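# Observations on the three-dimensional arrangement
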Amino acid sequence: MDSMLCDELLQEIFSRVSKSSSSSSALSVCLVSKRWLYLYRASKTSLSLRFTAEDSTIPSLSSLLSHYPFLSSLSLLLSFDPTLKATTSRTIFNTSLIRVVSSFCSQLTHLRFLGGPVARSSLLSLPNSCTLLTSLTISLSRPLFLIWVVSFSCLKELSIYMNNNGEVEDELNANSECGLFFVDEPVAELGLESLCLSGIRGDDLGCGWLWRSCKKLKKLKLKSCEGVGDGGSFLSFIRCLEGLQEVELRTCRSIVNAVLLKLAEKCDSLNSLLVYDGGSREGLLQFISNCRCNLQKLDLRLPLDLDNDHLSAAAINFRGLSTLRLQSCCLVTGEGLKAVGIALSSGLEELALINCDVVERESGLLATLGQKLKQLRKLDLSFNECLLDKELISMLISCASLSELNLRGCKGLTSATILSISKSCRGLVSVDIKQCTRIEAEAVEFIVFNLPQLRRMQVEESKISEALRIWASNKLIEVDV
């Protein structure tokens, strides 16, 4: 049989095995023969590695990558030995790793390299070998000189994580690497459509040039940022907001108010907003009340900054919402959620109330939401530890259109909920019941056997019998443990 299967057919089989089976099952094909091992490696297009920096790392990585000639996606997460504290040593080490990647991964389109700062000289040489890169994630030290971005002609997604461990790259060396001093950097026409910046301060040089050069941005993510750089670059930053479609603000309390107000004023194309951990009550309310865009997705994790006023304003101004996700929102009550349910009854397709005690605090709330939101396709009630069977069952009776259900961490639910799911939600494709300690193995079997559309189940391995595993495999059901 082995001799009858050509290389191309075997590679296609390996590719499908990798997607539909567990990692251990997929790797077992490597043990059949040297030929199968070679073809399995050649069929791999994505690889993720986590390792510690040691003297043997460079040759080991070179040897490993030489066996995967067709990688299009590579993720490297590097940690350093505590005894290796010198910045120069880390930077030199990372430069060597980038050179290895350049030598063996010419087909890369996505590169994620997180393990301390990367020298700009290596970023100038990388696009000479990896000419197809469309997505790059890296860590840099201060000061920021970003003219090297111009060298990546195909780059669409860029993520920069600032090294905030007090490590600063020598400014003279940085300038000589780029060949230009900051004041001489010309405005470029970058093709970036997605930009993520983490740890940016108000005095970070280089961001102003980036804002002026990004004229095609559709997605912007800011994480743990105290400013937008360069001190006087806010006007350039504002111009980038006009064409944005997606914005994420995570732990950016010092700038979130100004960003939200300018989004409401300048951006008509926004369809997705995420604000986590550090908002402004007044700024968020002004945004919701005055925003002119047709927002479709709203995702908020604001324990002490979100209340019913915000939900009432959203019910009035965001009638086009298809996704509403709330996490740990302690000040929200059933009144606010019911107002949203009434206003969005015809269009809301995804609702998440994650670790929101209002779900447990107000009896009958879920039943009311289920009756109003007939179009729900995705429901996430994860980590509501005291949620009871009767509350969830009363909602699911009205949710016949659900395709995805996430109940992870709902420790109060029992196997009775599973019986209700199998009767009321026959169209479920994905179910997550991990960390639901009172749901027994027999109930897991019952739901898998009785949901004809099920394709993915997330549950503890201890609740999966051998018979269930065989059934799931035959029915092409992915079981994540």
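Use the structure listed above.
Below is a short write-up of the structure. In this text the structure is predicted, and so the values were computed from the model without any measurement.

Of the regular secondary structure elements, the chain holds 19 helices and 17 strands. Looking at the chain as a whole, 50% of its 481 residues are labelled buried. For the chain, the exposed area adds up to about 21700 Å²; of that, 51% sits on carbon and sulfur atoms.

This part takes up the packing of aromatic side chains. In the structure shown here, the tally under the stated rule is five aromatic pairs. Taken together, a centroid distance of 5.6 Å and an interplanar angle of 35 degrees make the contact between F234 and F237 tilted. Separated by three residues within a single helix, F234 and F237 lie in helix 9 (residues 234–241), roughly one turn from each other. Residue classification places F234 among the partly exposed positions, given a relative accessible area of 28%. Clustering of aromatic rings is evident, with ring pairs tying together W211, F234 and F237. Over the ring of W471 we find K475, and its NZ or CZ is 5.0 Å from the ring centre.

Take the side chain of S62 next. Tracing the backbone through its elements, the reader meets S62 in helix 4 (residues 57–65). With a relative accessible area of 17%, S62 lands in the buried category. Discounting chain neighbours no more than four positions away, the residues touching S62 are V100 and F104.

The next thing to look at is the side chain of S102. Locating S102 in the fold gives a position in helix 5 (residues 87–104). Setting aside chain neighbours within four positions, we find S102 in contact with L126, S129 and C130.

Residues of helix 4 that are buried include every one of T57, L61, S62 and L65, and no others. Summarising the axial view, the buried residues of helix 4 lie within an arc of 130 degrees, below the 170-degree limit, and thus occupy one face.

In this section: the environment of A188. Residue position: A188 is located in the loop between helix 7 (171–178) and strand 6 (194–198). Spatially, the C-alpha atoms of A188 and K215 are 9.4 Å apart, while their sequence positions differ by 27 residues. The contact partners of A188, leaving out residues within four places of it in the chain, are V150, W209 and S213.

Before going further, it helps to spend a moment on the pattern of salt bridges. Under the criterion given, the structure shown has 20 salt bridges. Here E265 makes a salt bridge to K262, at a shortest N to O gap of 3.5 Å. Linking E265 with K262, this pair stays in helix 10 (residues 253–266), spanning three residues, or about one helical turn. Look at E265 and you get partly exposed, because its relative accessible area is 42%. By relative accessible area, K262 is classed as partly exposed at 24%. Here K378 ties to E404 by a salt bridge, and the two come within 3.9 Å at their closest N and O atoms.

Now for the state of the cysteines. Following the criterion strictly, the structure yields zero disulfides and no others. With no disulfide of its own, C207 lies closest to C225 among cysteine sulfurs, the gap being 8.1 Å. Residue C207 is classed as buried on the basis of its relative accessible area, which comes to 1%.

Below, the discussion takes up the environment of C386. Within the fold, C386 resides in the loop between strand 13 (378–380) and helix 16 (389–396). When the C-alpha positions of C386 and R361 are compared, they lie 9.2 Å apart, and in sequence the two are 25 residues distant.

Attention now goes to helix 11 (residues 281–290). Among the residues of helix 11, G283, L284, F287 and I288 are the ones counted as buried. One side of helix 11 carries all its buried residues, which in axial view fall inside an arc of 130 degrees. For helix 11, the elements touching its buried residues are helix 10, strand 9 (272–276), strand 10 (297–301) and helix 12 (308–317).

Let us now look at the packing of helix 15 (residues 365–372) against helix 16. Across the interface, helix 15 lies against helix 16 with an axial gap of 7 Å and an inter-helix angle of 10 degrees. Viewed along their axes, helix 15 and helix 16 adopt a mutual orientation that is roughly parallel. Contacts between helix 15 and helix 16 involve L365, L366, A367, L369 and G370 on the former and, on the latter, E391, L392, S394 and M395. Its residues placed into classes, the contact of helix 15 with helix 16 shows six nonpolar, two polar and one charged.

Right, let's get into the packing of helix 12 against helix 13 (residues 334–343). At a minimum axis separation of 8 Å, helix 12 and helix 13 run at an interaxial angle of 10 degrees. The angle between the axes of helix 12 and helix 13 places the two elements in the roughly parallel class. Between helix 12 and helix 13, the residues in contact are N308, L311 and A315 and E335, G336, L337, A339, V340 and A343, respectively. Grouping the amino acids of the contact of helix 12 with helix 13 by side-chain chemistry returns six nonpolar, two polar and one charged.

What follows deals with the pairing of strand 1 (residues 46–52). The alternating pattern of strand 1 places L47, L49 and F51 on a buried face and S46, S48, R50 and T52 on a face that is not buried. Pairing between strand 1 and strand 2 (residues 73–79): seven bridges, direction parallel. The partner of L49 across the bridge, within strand 2, is L76.

If you trace the backbone, K297 turns up in strand 10. Contact partners of K297, with chain neighbours within four places excluded, come to N271, S272, L273, L321, T323 and R325.

Looking along the chain, the bond that leaves R142 and enters P143 is cis, with omega of 0 degrees. Relative to the helices and strands, P143 is located in the loop between strand 4 (135–140) and strand 5 (157–162). One non-glycine residue, D277, adopts positive backbone phi at about 50 degrees. The topology assignment puts D277 in the loop between strand 9 and helix 11. A positive phi angle, near 60 degrees, is found at L476, a position not held by glycine. Here L476 is to be found in the loop between helix 19 (466–474) and strand 17 (478–480).

Reading guide: rules and limits
Residues numbered from 1 in each chain as written. Predicted model: local features only at pLDDT ≥ 70, side-chain atom pairs only at ≥ 80, totals over all residues. Heavy atoms only, no water. Helix = DSSP H or I, 4+ residues; strand = E, 2+ residues; numbered from the N terminus. Buried < 20%, exposed > 50% of the residue type's maximum accessible area, 1.4 Å probe, protein only. Areas by Shrake-Rupley, 256 points an atom, 1.4 Å probe, with all protein chains shown as cover. Phe/Tyr/Trp six-rings, centres within 6.5 Å; stacked < 30°, edge-to-face > 60°. Lys NZ or Arg CZ within 6 Å of the ring centre and 35° of its normal. Contact = heavy atoms within 4.5 Å. Arc of directions from axis to C-beta. Salt bridge = Lys/Arg side-chain N within 4 Å of Asp/Glu carboxyl O. Disulfide = S-S within 2.5 Å. Axes fitted to C-alpha atoms, helices over the stretch in contact; angles between N-to-C directions. Parallel < 35°, antiparallel > 145°, perpendicular 65-115°, else oblique. Nonpolar A, V, L, I, M, F, W, Y, C, P; charged D, E, K, R; others polar. Pairing = 2+ DSSP bridges.

These figures capture arrangement, not role.
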